[in-house]
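Close look at the chain arrangement
Chain by chain, the residues run as shown.
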Amino acid sequence: MRHRRRLLTLSAAALAGLLLTSGTASAAPAEPAEAQRYVALGDSYASLGSLTKVYVDPATGCMRSKDNYPARVAEGMKPGTFVDATCAGAVTDGVLSPQLDAVTPETDLVTLTVGGNDIGFADIALRCGLLSVTNPLGTPCQDHYTEGGTDRLAKAIEDTAPKVDRVLAAIADRAPEAKVVVTGYLRILPPDNGCWPLMPISRGDVTYVNSVQDKLNGMIADRARAAGASFVDPSTTGGHDVCQAPSKRWVDGLLPLSNGTPIHPTAAGQAHVAELVRGAAG
C-alpha cells in the first residue's frame with residue numbers, strides 16, 4: 001500500500017508534467033553510445049517508464065522503471081558500467097546529494113534530467129487541475145499565476161537556473177573528463193485546445209502551459225550549453241502528447257492507457273529520449 005500511495009502521489013504531481021514544447025522534426029537513428037562508466041542522474045522523467053516495470057530501490061527508496069531511458073542507453077554501451085541514480089520526485093538538491101555520489105573521476109558519461117520539480121510541478125498541476133473544474137474553457141491557471149502582473153512560474157524558472165548551474169558544476173568537479181548530456185522534458189500537451197477532462201487543463205490555459213514548458217526547456221538548454229554540456233530536446237516531435245491515442249503517446253495520460261505512470265513517459269517516450277541521448281553521447 002505504501003508504494004501504491006507513492007504512485008498515486010506521483011500521478012497528482014505529474015499533472016505538473018505540463019511543461020514541454022512542440023515541433024515536427026524527427027530524430028535520425030543514432031549509433032549506441034559507448035562508455036566505461038555511465039551514471040544517470042535526475043527526476044521521474046528519467047527514472048520512470050512502463051508502469052508494470054516500476055520497482056523501488058531498497059537502498060534509497062527511489063522509484064524507477066527497468067525500461068527508463070538510462071537503462072536503454074546503457075544497453076548500447078559495450079563495455080560499460082551503469083549506475084542508475086535517478087529518483088522519482090528529485091529536485092536539484094537531491095541530485096547534488098545523494099545522487100552525485102555515484103559520479104566518480106572514472107565516469108565518462110553522465111546524463112541529467114532535472115528542474116521540473118524545482119519550479120513546483122506538483123503544486124502547478126494540482127492548482128491548474130482544480131481551477132479547470134469550474135472554468136474548463138477559460139484561462140484560470142494563467143490568471144492565477146500572472147495575477148498582479150508578474151508571471152510567478154517564469155520567475156520560478158529564472159530562480160531554478162543557478163540551481164542547475166550548481167549541479168552541472170558539481171558534475172564537472174567530480175568527473176572532469178565526462179561527457180555530460182542534459183535532457184529537456186517530453187511534450188505533454190498538444191499545441192492548443194487540449195482534451196479536458198481527459199487531461200484536466202482548461203482549454204484556454206493550454207497555450208500558457210506550453211509557454212511555461214518552452215521557458216523551462218529553454219532555460220535548461222541555456223544552462224547546459226553554458227557549462228559545456230550537450231542538450232537534447234525530446235519535445236520537438238509532435239503527435240505524441242497525452243491527448244493522442246494510447247498507441248501514439250510518449251507521455252501517458254491521467255488514466256494510464258499506455259502502461260505508463262500517469263502523466264509520465266511511456267516506454268515509447270523513453271525509447272525516443274534514449275535515441276537522442278545516444279546520438280549526443282556518441
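It should be noted that the structure appears before, not after, this text.
A brief report on the enclosed structure follows. (Residues numbered from 1 in each chain as written. Predicted model: local features only at pLDDT ≥ 70, side-chain atom pairs only at ≥ 80, totals over all residues. Heavy atoms only, no water.)

**Regarding the packing of helix α7 (residues 152-174) against helix α8 (residues 206-226)**
Relative placement of two packed helices is described by the angle separating their axes and the distance separating the axes. Which entries qualify depends on this criterion: Note on method: axes are straight lines fitted to C-alpha atoms, helices fitted across the in-contact stretch only, with angles between N-to-C directions ranging 0 to 180 degrees. By definition, any uninterrupted DSSP run of H or I lasting at least four residues is a helix, any uninterrupted run of E lasting at least two residues is a strand, and each is numbered from the N terminus. Any angle that is under 35 degrees is reported as roughly parallel, and any over 145 degrees as roughly antiparallel; angles of 65 to 115 degrees are reported as roughly perpendicular and all others as oblique. If you view the pair so one helix is near and one far, a crossing is left-handed when the near helix is turned anticlockwise from the far one by less than a right angle, and right-handed when it is turned clockwise. When checking whether two residues touch, look at their non-hydrogen atoms; a contact exists if any pair is within 4.5 Å. Residue classes follow a fixed rule: Ala, Val, Leu, Ile, Met, Phe, Trp, Tyr, Cys and Pro count as nonpolar, while Asp, Glu, Lys and Arg count as charged, and any other residue, Gly among them, counts as polar.
Close contact between α7 and α8 brings their axes to 9 Å; oriented N to C, the two are set at 25 degrees. Between α7 and α8, the angle is such that the two are roughly parallel. Handedness of the crossing formed by α7 with α8: right-handed. Of the residues in α8, those in contact with L153, A154, I157, T160, A161, V164, D165 and L168 of α7 are Y208, V212, K215, L216, M219, R223 and A224. Among the residues forming the contact of α7 with α8, the class breakdown is eleven nonpolar, one polar and three charged.

**Some words on the nonpolar core**
Using the following cut-off: Each nonpolar core is a collection of buried residues, namely Ala, Val, Leu, Ile, Met, Phe, Trp, Tyr and Cys, held together in the definition by side-chain atoms within 4.5 Å. Burial here depends on accessible area, computed with a 1.4 Å probe over protein chains only, as a share of the maximum for the residue type. Under 20% is buried, over 50% is exposed, and the range in between is partly exposed.
One finds L41, L112 and V182 to be the most contacted residues of the largest nonpolar core, which totals 68 residues. Excluding anything up to four places from it in sequence, L41 contacts A46, A85, T86, V95, Q99, L100, V103, V110, T111, L112, T113 and I171.

**Quick notes on the environment of L51**
Structurally, the position occupied by L51 is in the loop between α2 (44-47) and β2 (54-56). Note: C-alpha distance between L51 and G260 (209 residues apart in sequence) is 4.8 Å.

**Quick notes on the pairing of strand β6 (residues 179-183)**
Let me state the cut-off plainly: Strands are labelled as partners when DSSP assigns at least two bridges between them. Crossover handedness is defined here as right-handed if the route from the first strand over the helix to the second strand goes clockwise, with the strands pointing away from the viewer.
Most of β6 sits out of view: four of its five residues are buried. Bridge count between strand β5 (residues 109-113) and β6: four bridges; the pairing is parallel. Looking at β6, one finds that L112 is bridged to V182. The sheet contact formed by β6 and strand β7 (residues 230-232) spans three bridges and is parallel. Note on β7: the bridge partner recorded for T183 is V232. This β-α-β element, β6 to α8 to β7, shows right-handed connectivity.

**Section: the packing of aromatic side chains**
In this description, a pair of aromatic rings is defined by centroid distance and the angle of the planes. Going by this rule: What counts as a ring pair is set by centres within 6.5 Å for rings of Phe, Tyr and Trp (its six-membered ring), and what kind of pair is set by the plane angle: stacked under 30 degrees, edge-to-face over 60, tilted for all other angles.
Under the definition given, this model contains three aromatic pairs. Ring centres of Y45 and Y185 lie 5.4 Å apart, and the angle between their planes is 65 degrees; this geometry places the pair in the edge-to-face category. With Y45 in helix α2 and Y185 in the loop between β6 and α8, this residue pair connects regions lying 140 residues apart in the sequence. With relative accessibility at 0%, the residue Y185 sits in the buried group. What links up through ring pairs into an aromatic cluster is the set Y45, F121 and Y185.

**Some thoughts on the pattern of salt bridges**
Applicable threshold: Whenever Lys or Arg places a side-chain nitrogen within 4 Å of a carboxyl oxygen from Asp or Glu, that contact is recorded as a salt bridge.
This structure, assessed with the given rule, holds six salt bridges. We note a salt bridge from R64 to D84, for which the minimum N-O separation is 3.8 Å. Within this pair, whereas R64 is found in strand β3 (residues 63-65), its partner D84 is found in strand β4 (residues 81-84), the two being separated by 20 residues in sequence. Like D84, R64 is buried. The salt bridge partner of R223 is D165, with a shortest N-O separation of 2.8 Å. Separated by 58 residues along the polypeptide, R223 in helix α8 and D165 in helix α7 bring together distant segments of the chain. Here the salt bridges do not stand alone but share partners, grouping D57, R64 and D84 into one network.

**Description of the sheet that holds β6**
Spatial ordering of the open sheet is given by β4-β1-β5-β6-β7, a layout of five strands whose pairing is parallel. Unpaired on one side and paired on the other, β4 and β7 mark the two borders of the sheet. Neighbour-to-neighbour, the strand axes of the sheet open up by a mean angle of 20 degrees, direction not taken into account. Two strands pair when backbone bridges link them, and strand β1 (residues 37-42) and β4 are joined in this way by four bridges, in the parallel orientation. Across the sheet, the residue bridging to R37 is T81, located in β4. The strands touched by α7 within the sheet are β1, β5 and β6, with β5 carrying the most contacts at an inclination of about 170 degrees. Here α8 sits on the sheet in contact with β6 and β7, set at roughly 160 degrees to β7.

The values are spatial; any link to function lies outside them.
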